[in-house]
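# Structure assessment
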Amino acid sequence: LILKNLGYEVAGIVNTGEESVEFVKQNRPDLVLMDIMLSGEIDGIAAAEVIHKTLDVPIIYLTAHSDEKSLERANLTGPYGYIVKPIKEHHLRTNIEVALYKHSIDRKLREYQHWVFTTLKSIADGVIATNTECKITFMNYVAERLSGWQQQETLGKSLDSVFIVR
């Protein structure tokens, strides 16, 4: 009722962790509001973990349980919010808006990272990328050929231990 009052469409309600995973797979909602305590073989956190690993759908937890252990498990699933019951309309609205916005930004960032990675891989010159500590984070095929190193061997190594200027 709160969601409809806020102008959102409710795609459906399920009661078990297994049903939630299947529902999200079939219906691809824009957002999942997940209760931690669900009946069935898996709880809401385990269901959210499956959804997070296999589908690109943001999740906000709704729960009456805010104990440390549950919160730690929930955080490992990459939630976009965590609301403790009883649910207040303004908290729900704020969490939904932030989650949808953050998810759209995350998606754009992943697309940009993929574009940059693809571009760097296909450049005809040798490319070695490092982080701010000059530790190697990427090498393209040409850099591998020129240096004699494989990217997997160099990741995390300092640039000057791999690329020696004479």
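Preceding block: the structure.
First, a word on scope: everything that follows refers to the structure included in this document. (Residues numbered from 1 in each chain as written. Predicted model: local features only at pLDDT ≥ 70, side-chain atom pairs only at ≥ 80, totals over all residues. Heavy atoms only, no water.)

### A look at helix α5 (residues 89–122)
Over its 34 residues, α5 extends 50 Å from the first C-alpha to the last, a length consistent with the 50 Å expected when each residue adds 1.5 Å. Every buried residue belonging to α5 is among L92, N95, I96, A99, H103 and D106, and all of these are buried. Buried residues along α5 sit against α1 (2–5), β1 (32–35), β2 (59–63) and β3 (81–84). (Helix = DSSP H or I, 4+ residues; strand = E, 2+ residues; numbered from the N terminus. Expected span 1.5 Å × (residues − 1). Buried < 20%, exposed > 50% of the residue type's maximum accessible area, 1.4 Å probe, protein only. Contact = heavy atoms within 4.5 Å.)

### As for the nonpolar core
The biggest cluster of nonpolar side chains holds 15 residues, and the ones touching the most others in it are V24, V32, M34, I51, V57, I59 and Y61. Put simply, the parts of the chain that give this core at least two residues each are α2 (17–27), β1, α3 (44–54) and β2. Tallying contributions element by element places α3 first for this core, with four residues. Setting aside anything within four residues of it in sequence, one finds M34 in contact with S20, G44, A47, A48, I51, I59, I60, Y61 and L62. Formed by 10 residues, the second largest nonpolar core is a distinct cluster that contains L31, Y80, I83 and A99. (Core = buried A, V, L, I, M, F, W, Y, C linked by side-chain atoms within 4.5 Å.)

### Some words on α2
Among the residues of α2, G17, S20, V21 and V24 are the ones counted as buried. All buried residues of α2 project into a common sector of 100 degrees when viewed along the axis, lining one side. Summarising the contacts, the buried residues of α2 are in contact with β1 and α3. Following α2 by one or two positions, R28 has its phi on the positive side, about 45 degrees. (Arc of directions from axis to C-beta.)

### Description of the sheet that holds β3
The three strands are arranged β1-β2-β3 in an open sheet whose pairing can be described as parallel. Every other strand in the sheet has two partners, leaving β1 and β3 as the edge strands with one partner each. In this sheet, neighbouring strand axes are inclined to one another by 25 degrees on average, regardless of whether the strands run parallel or antiparallel. (Pairing = 2+ DSSP bridges. Axes fitted to C-alpha atoms, helices over the stretch in contact; angles between N-to-C directions.)

### Remarks on the pairing of strand β5 (residues 136–139)
As paired strands, strand β4 (residues 128–130) and β5 are joined by three bridges and run antiparallel to one another. For T130, the partnering residue across the bridge sits in β5 and is I136. Joining the antiparallel neighbours β4 and β5 is a turn of five residues, in which C134 adopts a positive phi near 60 degrees.

### Details of the packing of aromatic side chains
Overall, the coordinates contain three aromatic pairs when judged by the stated rule. Taking 6.0 Å as the distance between ring centres and 65 degrees as the angle between the ring planes, the aromatic pair formed by Y61 and Y82 counts as edge-to-face. Here Y61, found in strand β2, pairs with Y82, found in strand β3; they are 21 residues apart in sequence, far enough to count as distant. Take Y61: its relative accessible area is 0%, and that puts it in the buried class. (Phe/Tyr/Trp six-rings, centres within 6.5 Å; stacked < 30°, edge-to-face > 60°.)

### With respect to the pattern of salt bridges
In a structure, side chains of opposite charge can pair up when their charged atoms sit close to one another. Counted according to the given criterion, the structure contains seven salt bridges. For D43, the salt bridge is made with R73, and the minimal N-O distance between the two is 2.9 Å. With a gap of 30 residues between them, D43 in the loop between β1 and α3 and R73 in helix α4 (residues 68–75) connect regions that are remote in the sequence. Owing to a relative accessible area of 18%, D43 belongs among the buried residues under this scheme. The exposure class of R73 is partly exposed, given its relative accessible area of 36%. Salt bridges sharing partners connect three or more residues here, namely D56, R107 and R110. (Salt bridge = Lys/Arg side-chain N within 4 Å of Asp/Glu carboxyl O.)

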